[in-house]
Structure formats: C-alpha cells, structure tokens
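Fold and geometry: a report
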Amino acid sequence: MPQKFNRRSVVKSLGIAATGITGTAALSGTVSAFAEGEQVEATTNLNTRKRPGTESSVVATVSPGEVGEIVNGPTNEDGYTWWGIHWLNRDVWGWSVERYLTSSGGSAGTDIVWPMNGVISSDYGWRTINGQDEFHGGVDIDNNNIGVGTPIYAARAGTAYTAYDSGGYGNYVYIDHGNGYETEYGHLNSFAVSDGQQVSRGDKIGGMGNSGNSTGPHLHFGIEQNNDPKPIPSDNYQNVSALGAINKDYSGL
Ligand SMILES: [Zn+2]
C-alpha cells in the first residue's frame, strides 16, 4: 500500500517552497502540456525521481532554468502529473512534476540533432592541415571545460555498431538509420553501446576521447548517405547543445 503523505510532507519531499502550492491546484493534473521531444525547463529547484510518485528516490535536484527533453509521460501519480525527462547537461533521466516545468521553446522533433555539448572546432568542408587541402566530411566538436568522457548521444534512433580505425577515427560508433543513412562518432574514449544495439535519439553511446588520428580530445561527427558525407551546417567557434537542433532539415532522410 502506498504511504499516505500529508500536504507538508509532500511539499518537503518535492523539495519546493511551501508558498509554491496554493489551494487544491497542486493536487490536480492538467491536460497534456508537453510532447515527446519537446524541451522544457524547471521553474524552481526541482526534484527528478527514478519513477513517477513522491515516494520514488530522488536522482537529482535540478536548478531553475535547467533544460531537459521530454522522453516519457504524462502519467498521474500521488495527485501530480509527471513527465519523464532527460536533463541534458547532467546526463540524468528522471520524473518531475509538470507544475514546475515550462516549455523552453526548443524541440528536437524527429530530426538529427547535435550529439554533444561543446563548440565547433572544425566545420564541414575543405580545410588546410599542414599546408595540405583535405575534405572534412563532418564536424569536430570540442569541449575543453568538461573534457575526455563528455557524454556522446545518438543523434537519431537506429542500430548502433562499434568499430576501431587506427589511422582515422580510432574508437568510433556508427548508427544505421536505414535507407543508406548513417551517423558516425569518432575518436571516442569509451563505448556505451554494443554491436547491433537499438538506440533511441538521446541515448548515451560513448564518451568523448582522443583515439585514432586526433590532435586532442574531440568528437568527429558525420552524417552519410551510402558512405557519401552529407553537409552539416555549422561555423567554427559555434556553440552547440546536446540534442539541440541542427540548422538543416534531415527529417525526410
Ligand atoms: Zn573531424
């Protein structure tokens, strides 16, 4: 049997100010406010829990303004409406109460998204390395602030494979999206998938590293159609957010 909470203990267990709840509104759910893939932010210090319900253990307390992507929900439990959320910057999945969430205006939709938080250190197209022109069939994403091990996420759902290329991408993951399309993720320091594993967009697939032909820790991210690199719009020094939208419509791929 579920343990009964009085109002005070519910407020305490949610980790929110008592003044944030008035009348009966706190105990009534609303119609579906969000959609899967939509990005939301917390409006207060907000607990996110292993499962829906005030008795489930707290996996993190996120800060006001922190952004997550809706993964599951809604579901009603203990008088609240709950959403399963992937909190992007801390790589945590948990359930939080709808009342303390607001849309951040972003949405990953069904498209290919950026696989990592960082800054573009080498964009797509021709570049000159040691006086030699070479074609760069993807983008390099760096993250000095977090460094080796920064989580790399699947940019789109598909079937993941691991591989090693000593002269090039080092430890890399490629994901087969069907119809000849792949995304690839090079220079990893760790794998978080096994060969043939089905992944959803946003699943962690590995950690950023420096393996293969690499001048420092970074991610090489490529999108290919039948082994032919597809353009990825970006500029050097552009900041990108994990699961944030790429400025190109790949949804028809
Ligand atoms: Zn590269």
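The structure we're discussing is the one just above.
Residues numbered from 1 in each chain as written. Predicted model: local features only at pLDDT ≥ 70, side-chain atom pairs only at ≥ 80, totals over all residues. Heavy atoms only, no water.

Glancing now at the overall build of the protein chain. Helix and strand counts for the protein chain stand at one helix and 21 strands. Of the contacts made within the protein chain by residues no fewer than 6 positions apart, 62% connect residues no fewer than 24 positions apart. Carbon and sulfur atoms make up 45% of the accessible area of the protein chain, which amounts to about 12200 Å² in all. (Helix = DSSP H or I, 4+ residues; strand = E, 2+ residues; numbered from the N terminus. Contact = heavy atoms within 4.5 Å. Areas by Shrake-Rupley, 256 points an atom, 1.4 Å probe, with all protein chains shown as cover.)

Another point: the layout of surface pockets. Quantified by volume, the largest pocket comes out at close to 460 Å³. Around the largest pocket, the lining comprises 21 residues; the ones closest to its centre are Arg 127, Glu 134, Asp 140, Asn 213 and His 218. Put simply, the parts of the chain that give the lining of the largest pocket at least two residues each are strand 8 (118-122), strand 9 (125-129), strand 10 (132-136) and strand 11 (139-142). Per-element tally for the lining of the largest pocket: the top contributor is strand 10, with three residues. Across the lining of the largest pocket, the residue classes tally to four nonpolar, 13 polar and four charged. Residue lining of the second largest pocket: Glu 36, Gly 37, Glu 69, Ile 70, Val 71, His 86, Trp 93, Ser 200, Arg 201, Gly 202, Asp 203 and Leu 243, and that is the complete set. Ranked by residue count, the leading element in the lining of the second largest pocket is strand 4 (residues 67-77), at three residues. Across the lining of the second largest pocket, the residue classes break down as four nonpolar, four polar and four charged. Residue contributions to the lining of the second largest pocket reach at least three from each of two domains, namely domain 1 (7-107) and domain 2 (118-240). (1 Å grid on protein atoms, 1.4 Å probe; cavity = no way out; pocket = protein on both sides within 12 Å on 5 of 7 lines; lining within 4 Å. Points joined across faces, edges and corners; volume = space filled by probe spheres on them. Nonpolar A, V, L, I, M, F, W, Y, C, P; charged D, E, K, R; others polar. Domains from an automatic or database assignment.)

We now examine the nonpolar core. Within the largest apolar cluster, 26 residues are counted, with the highest numbers of intra-cluster contacts made by Trp 114, Tyr 185, Ile 205 and Phe 221. Those elements that place two or more of their residues in this core are strand 11, strand 14 (170-178), strand 15 (181-188) and strand 19 (219-225). It is strand 19 that contributes the most residues to this core, three residues altogether. In terms of nonpolar packing, the next biggest core, distinct from the first, is built from 15 residues, Ala 42, Val 62, Tyr 80 and Leu 101 among them. (Core = buried A, V, L, I, M, F, W, Y, C linked by side-chain atoms within 4.5 Å. Buried < 20%, exposed > 50% of the residue type's maximum accessible area, 1.4 Å probe, protein only.)

All of the protein donors around the zinc ion are His 136 (NE2), Asp 140 (OD) and His 220 (ND1); their distances to the metal are 2.0 to 2.1 Å. Each donor residue of the zinc ion lies on one chain, and together they are spaced H-x3-D-x79-H. Here His 220 lies in strand 19 and His 136 lies in strand 10, a separation of 84 residues in the sequence. The buried category is assigned to His 136, whose relative accessible area is 4%. (Donors = N, O, S within 2.8 Å, 3.2 Å for Na, K, Ca; no water.)

Let's shift gears to the environment of Val 199. Tracing the chain through its elements places Val 199 in strand 17 (residues 197-199). For the pair formed by Val 199 and Ile 175, sequence separation is 24 residues and the distance between their alpha carbons is 8.5 Å.

A word on the pairing of strand 5 (residues 80-87). Regular strands have side chains that alternate between both faces of the sheet. With eight of eight residues buried, strand 5 lies mostly within the body of the structure. Across the two faces of strand 5 the burial is the same, with Tyr 80, Trp 82, Gly 84 and His 86 and Thr 81, Trp 83, Ile 85 and Trp 87 all buried. If you look at the hairpin formed by strand 4 and strand 5, you'll find two residues sitting between the two strands, and Asp 78 has a positive phi there, around 55°. By the bridge criterion, six bridges tie strand 5 to strand 6 (residues 92-97) in an arrangement that is antiparallel. Each bridged residue has a counterpart across the sheet, and for Gly 84 the counterpart in strand 6 is Trp 95. (Pairing = 2+ DSSP bridges.)

With that settled, consider the packing of aromatic side chains. Scanning the model with the defined rule gives nine aromatic pairs in all. Ring centres 5.4 Å apart and planes at 75° place the aromatic pair Trp 126 and Phe 135 in the edge-to-face group. (Phe/Tyr/Trp six-rings, centres within 6.5 Å; stacked < 30°, edge-to-face > 60°.)

Look at the link from Gly 73 to Pro 74: it is a cis peptide, with omega at 0°. Within the secondary structure layout, Pro 74 lies in strand 4. Backbone geometry at Asp 78 places phi at a positive 55°, although glycine is not the residue there. Relative to the assigned elements, Asp 78 resides in the loop between strand 4 and strand 5. Judged by relative accessible area, Asp 78 falls into the partly exposed class, the value being 32%. Backbone geometry places Tyr 237, a non-glycine residue, at a positive phi of 75°. Tracing the sequence through the fold places Tyr 237 in the loop between strand 20 (228-229) and strand 21 (239-240).

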